[in-house]
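# Fold and geometry: a report
Listed here are the chains, written in short residue letters.
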Amino acid sequence: MSEITAEQVAHLAYLARIDLSPLEITDLTHDLGQIVDSIAKVSEVATADTPATSHPMPLTNVFREDVVVPSLTVEQALSGAPDRAGDKFRVPAILDEE
Amino acid sequence: MPSAEMKNRAELMDFDKALELFEPVLGFEVHVELNTKTKMFCGCANEFGSGANTNTCPTCLGLPGGLPQVNKKAIESSIRLGLALGCEIAEHSRFARKNYFYPDTAKNFQTSQYDDPICHDGSVTIELESGRLVTVEIERAHMEDDAGKLTHMGGATGRIQGADYSLVDYNRGGVPLVEIVTQMIEGAEHDAPEIGRTYVAAIREIAKALGVSNARMEEGNVRCDANVSLRPRGSNVLGTRTETKNVNSLRSVERAVRYEIQRQAAVLAGGGTITQETRHWHEDTGITSAGRPKSDADDYRYFPEPDLLPMAPSRDWVEELRLTLPEPPAARRKRLQAAWGFANLEFQDVVNSDLLDAVEATVAAGASAQAARKWWTGEIARLANAAGVAADSLVTPIQLAALIELVSDGTLTDRLARQVLEGVIAGEGTPAEVVASRGLAVVSDDGALIAAIDAALLGQPDVLAKIRGGKQQAAGAVIGAVMKAMRGQADAARVRELVLERAQAIE
């Protein structure tokens, strides 16, 4: 069985700003544990010279030329905002960095 | 002073005393904003000063369906910057998500690089004012996108503490950055503050010479985070470090490093401990204040960006880019100083005023190096300061070279040339055109001068008598009157000659 604990799941939920009930934490601790165990099985067959795969497609260097394309209008950009002031998004003050 | 600042004002130890007891260890993270036409992952314009939220799209706003695409020019600029810093260019590199929640990004992550930065293992050698050479090792230079700009509103101080709400402009969100991270810098000793300033200046100079960034610190194109820790003399255990952010001028880098050494020394000597934390530099009060402690907030859960494919810059491409590197700024400075024959102070003055390009172009346009230096760092810098603009935005090197030529061929005195300069700046045309339209050339017609001199001498008979009696210094009063009559448009030396001559000749 994996080492995933309820504390880790609660911490992860906090970092991801997901509100979890105690029952959900219990369930997710179990589910995540199973996932981690399954991944561990893969590690057993992967030898040290098998590079970790982050992208399954064998493609690299897909670039875009540095050419300006039209942006959204200010109205379009702000259309999904819960709140605005003039042409800016308005958000609650969050005590963090200045 | 607001009470929050009173609380922030820490006790400081004398700098020399601090260095006696502790050894400072430094590290710098410098962000260089690239001057590509478009953002890092979308085609929105990368422009400073546009109307709020006019350069945004679903990709840089993190809207569903937005798909990032890597700007080739930004990769090219990053590789060139890395090469100029002596870095290795990675054969395989990829982007990663740095996850955090803060309204300066609407994506809820910054697209950055984690375990595969594009450039790594370089170094920059800087020269301090004492002549000491310091090699700063570069650990890595990676690419990332910039955050949007927050403005905190309400509250008494205009700062985040006590703010009621914040406004966000995402124009800067997604602009390409290269973050250059140094290795630990040991052995800095008393030079620590100067090393900080000189290192950041060197990075800025290199970025500017490459043309990959506008490199204006006042516009935030180059931003520095300074890491400082102290360890007691004789110890080889590293002290706890603080990371001071928001250090956005060369002078501030120097001041912030000095401040942190003095602050930390006082804390440690008083039996306290240093908290590993982010601190903010306050330009106005010259202090740092505690920000958030390094804790959960730094648990960024990096993972490879699934929407972007890895990069594998071919060795051919890297070598092709290496061929485009300009002469290293430090080597160029040595070459120019020797060619111009400037004393160290004269040359430093030009460099510190950011006028090397201007002087070089003026010399190329035919002016003498000394004259070019005097004009740029003197009158033009003075006018630029007064107007709050860059000196090289006032006149072109070609205009100045033409003005200098008019002085050296005797058409203008220095005083007249300053008036012509004002005309050129006011957009009245070339120096020759301003001379013609304002009628400013030196009066070289002796007839006109003699008439003015005779009138002045006859108007001051006592002075005339003194000159005739051999008191040549009395001529000053007459010369002044003549220069006034000629509205300054006369060569004072020639006037003096003629005054002495006429004093003997007139009836």
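Residues numbered from 1 in each chain as written. Chains lettered and ligands numbered in written order. Predicted model: local features only at pLDDT ≥ 70, side-chain atom pairs only at ≥ 80, totals over all residues. Heavy atoms only, no water.

Going by an unreviewed UniProt entry, chain A carries the name Aspartyl/glutamyl-tRNA(Asn/Gln) amidotransferase subunit C and comes from Cryobacterium gelidum. In UniProt, chain A has this text filed under Subunit (unreviewed entry): "Heterotrimer of A, B and C subunits." (UniProt positions renumbered as here; feature names shortened; annotations may be inferred.)

According to the domain assignment, chain B contains domain 1 (2-315), domain 2 (327-438) and domain 3 (446-505). Summarising the inter-unit geometry, the C-alpha centres of domain 1 of chain B and domain 3 of chain B are found 65 Å apart. (Domains from an automatic or database assignment.)

Contacts between the two partners involve 38 residues from chain A and, on the opposite side, 58 residues from chain B. With both sides pooled, the region where chain A packs onto chain B buries about 4,300 Å², and carbon together with sulfur makes up 60% of that total. Listed by contribution, the elements that provide at least two residues to the side of chain A that touches chain B are helix 1 (6-15), strand 1 (63-64), helix 3 (74-78) and strand 3 (88-92) of chain A. The element best represented in the side of chain A that touches chain B is strand 3 of chain A, accounting for five residues. Class assignment for the residues of the side of chain A that touches chain B results in 22 nonpolar, six polar and 10 charged. (Contact = heavy atoms within 4.5 Å. Buried area = accessible area lost by both parts, 1.4 Å probe. Helix = DSSP H or I, 4+ residues; strand = E, 2+ residues; numbered from the N terminus. Nonpolar A, V, L, I, M, F, W, Y, C, P; charged D, E, K, R; others polar.)

This next bit is on the sheet that holds strand 4 (residues 96-99) of chain B. All names here are of chain B. Spatial strand order, 5-4-15: three strands in an open sheet with antiparallel pairing. Lying at the two open borders of the sheet, with one neighbouring strand each, are strand 5 (109-112) and strand 15 (303-304). Bridge analysis of strand 4 against strand 5 gives four bridges, and the strand direction is antiparallel. Across the sheet, residue asparagine 99 finds its bridge partner in strand 5, namely phenylalanine 109. (Pairing = 2+ DSSP bridges.)

Let's shift gears to helix 10 (residues 369-387) of chain B. Residue and element names in this part refer to chain B. Compared with the 27 Å implied by 1.5 Å per residue over 19 residues, the 25 Å span of helix 10 between its first and last C-alpha is a close match. A maximum bend of about 45 degrees is found in helix 10 at alanine 381. Among the residues making up helix 10, those that are buried are Ala369, Ala371, Ala372, Arg373, Trp375, Trp376, Thr377, Glu379, Ile380, Ala381, Leu383 and Ala384. Each element contacted by the buried residues of helix 10 is listed here: helix 7 (329-340), helix 8 (344-352), helix 9 (356-364), helix 11 (397-408) and helix 12 (414-425). At the C-terminal side of helix 10, glycine 388 shows a positive phi close to 70 degrees. (Expected span 1.5 Å × (residues − 1). Bend = angle between axes of the 7 residues up to and from the residue. Buried < 20%, exposed > 50% of the residue type's maximum accessible area, 1.4 Å probe, protein only.)

All right, on to the pairing of strand 10 (residues 176-182) of chain B then. All names here are of chain B. With seven of seven residues buried, strand 10 is to be regarded as a mostly interior element. Taken together, the five bridges between strand 1 (residues 22-33) and strand 10 define a ladder with antiparallel strand orientation. Bridge pairing in strand 10 links histidine 31 to glutamate 179. Pairing of strand 7 (residues 133-145) with strand 10 involves seven bridges; the strand directions are antiparallel. Counterpart to arginine 140 in the pairing with strand 10 is valine 181.

Bringing the pairing of strand 9 (residues 165-169) of chain B into the picture now. Strand 9 of chain B sits mainly inside the fold: four of its five residues count as buried. Bridge count for strand 3 of chain A against strand 9 of chain B is four bridges, and the pairing is antiparallel. Paired with Arg90(A) across the bridge in strand 9 of chain B is Leu167(B). Relative to strand 9 of chain B, strand 8 (residues 149-153) of chain B runs antiparallel, the two being bridged by five bridges. The residue bridging His152(B) from the neighbouring strand is Ser166(B), located in strand 9 of chain B.

Turning next to a negative patch on the surface. A contiguous patch of negative charge, built from Asp19(A), Glu24(A), Asp27(A) and Asp31(A), is present on the exposed surface. With respect to the secondary-structure elements, Asp19(A) resides in the loop between helix 1 and helix 2 (22-45). (Patch = residues over 30% accessible without salt bridge, like charges linked within 9 Å, V, L, I, M, F, W, Y side chains within 5 Å. Areas by Shrake-Rupley, 256 points an atom, 1.4 Å probe, with all protein chains shown as cover. Salt bridge = Lys/Arg side-chain N within 4 Å of Asp/Glu carboxyl O. Lys, Arg positive; Asp, Glu negative; His and termini not counted. Charge placed at Lys NZ, Arg CZ, Asp CG, Glu CD.)

Further remarks concern the packing of helix 3 (residues 72-84) of chain B against helix 4 (residues 192-210) of chain B. All names here are of chain B. Interhelical geometry of helix 3 versus helix 4 gives an angle of 130 degrees and a closest axis separation of 10 Å. Our classification of the angle between helix 3 and helix 4 gives oblique. As helix 3 runs across helix 4, the sense of the crossing is right-handed. Facing Arg80, Leu81 and Ala84 of helix 3, the residues of helix 4 in contact are Ile206, Ala207 and Leu210. Of the residues belonging to the contact of helix 3 with helix 4, the class tally is five nonpolar, no polar and one charged. (Axes fitted to C-alpha atoms, helices over the stretch in contact; angles between N-to-C directions. Parallel < 35°, antiparallel > 145°, perpendicular 65-115°, else oblique. Left-handed = near helix turned anticlockwise from the far one by under 90°.)

This paragraph deals with the packing of aromatic side chains. In this structure the tally under the stated criterion is nine aromatic pairs over all chains. With a centroid separation of 6.4 Å and 80 degrees between ring planes, the pair formed by Tyr100(B) and Tyr300(B) is classed as edge-to-face. You can see Tyr100(B) sitting in the loop between strand 4 and strand 5 and its partner Tyr300(B) sitting in the loop between strand 14 (287-293) and strand 15, a full 200 residues away along the chain. Tyr300(B) sits in the buried class, given a relative accessible area of 14%. A cation sits over an aromatic face here: Arg17(A) above Tyr14(A), 5.0 Å from the ring centre. When the ring centre of Phe15(B) is taken as reference, the NZ or CZ atom of Arg258(B) above it lies at 4.3 Å. (Phe/Tyr/Trp six-rings, centres within 6.5 Å; stacked < 30°, edge-to-face > 60°. Lys NZ or Arg CZ within 6 Å of the ring centre and 35° of its normal.)

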